[in-house]
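Here is how the chains run, residue by residue.
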Amino acid sequence: MNAAVRAGVMASNPCQGRRLPHTRVEETVFLTSPEFVLLRDHVEKQRWKNLATWLVTTGMRSSEATALTAADIEADAKTCRITKAWKYSGNYRPEIGPPKTKKSIRTISLPDAALEVIDPVASGFLFTNGAGNPVRSQEFYDGGGSPPATAR
């Protein structure tokens, strides 16, 4: 807003003298291994179980994991290079771009449980929906992360 005032776009800054509200910081709570297994075992489709296992065992963001291809995996070294993620452009269409922050570009070690749920020589994206397209977060939530409509 100050920049807009300096540029002559606005006469004054309506935010001048305002403070951001205080937010309450709460400790992050993680699932225990038995809790995750119980949750995963209630997911019906194998592709969603695989993605859930990948996310939990690697700590990756879903936008990063669903942008992965076999070229990002070094199975022998048990590593994954993260250099891209799904982004939403101004027209609400998903596209591949850089991860969330510069520090998000990284190489991670892969546990055996993660390697067991992927095909490291597959063509295309490692995680796809039933039609073979890249997985969207809402799709994963609806298909694997939320209880069936009858259970709600």
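Residues numbered from 1 in each chain as written. Predicted model: local features only at pLDDT ≥ 70, side-chain atom pairs only at ≥ 80, totals over all residues. Heavy atoms only, no water.

> Quick question: what am I supposed to make of the pairing of strand β3 (residues 85-88) here?
For a regular strand, the rule is simple: side chains alternate between the two faces of the sheet. Two strands pair when backbone bridges link them, and β3 and strand β4 (residues 94-97) are joined in this way by four bridges, in the antiparallel orientation. When the sheet's bridge partners are listed, Ala 85 is paired in β4 with Gly 97. The hairpin turn running from β3 into β4, its antiparallel successor, is five residues long, and Tyr 92 in that turn takes a positive phi close to 65°. (Pairing = 2+ DSSP bridges. Helix = DSSP H or I, 4+ residues; strand = E, 2+ residues; numbered from the N terminus.)

> How should the packing of aromatic side chains be read in this particular structure?
The relative placement of two aromatic rings is captured by the distance of their centres and the angle of their planes. Summed over the entire model, instances satisfying the criterion amount to three aromatic pairs. Ring geometry for Trp 48 and Phe 140: centres 5.8 Å apart, planes at 55°, overall tilted. Taken together, the residues span a long stretch of sequence, with Trp 48 in helix α3 (residues 46-58) and Phe 140 in helix α6 (residues 137-145) at a distance of 92 residues. Accessibility assignment for this pair places Trp 48 and Phe 140 in one class, buried. Directly above the aromatic system of Trp 48 lies the positively charged group of Arg 47, at a separation of 5.5 Å from the ring centroid. The lysine or arginine in question, Arg 136, covers the ring of Trp 86, its NZ or CZ lying 4.4 Å from the ring centre. (Phe/Tyr/Trp six-rings, centres within 6.5 Å; stacked < 30°, edge-to-face > 60°. Buried < 20%, exposed > 50% of the residue type's maximum accessible area, 1.4 Å probe, protein only. Lys NZ or Arg CZ within 6 Å of the ring centre and 35° of its normal.)

> Even after reading the chapter, I still don't get the nonpolar core, so can you show me in this structure?
Nonpolar side chains in soluble globular proteins tend to end up buried together. Core analysis: the largest hydrophobic core is formed by 24 residues, its most contacted members being Leu 51, Trp 54, Met 60, Ile 73, Cys 80, Leu 110 and Ile 118. Of all the secondary-structure elements, those providing two or more residues to this core are α3, β2 (79-82) and α5 (112-115). Contacts of Met 60, omitting those with residues within four sequence positions, involve Trp 54, Leu 55, Ala 65, Leu 68, Cys 80, Ile 82, Arg 106 and Ile 108. (Core = buried A, V, L, I, M, F, W, Y, C linked by side-chain atoms within 4.5 Å. Contact = heavy atoms within 4.5 Å.)

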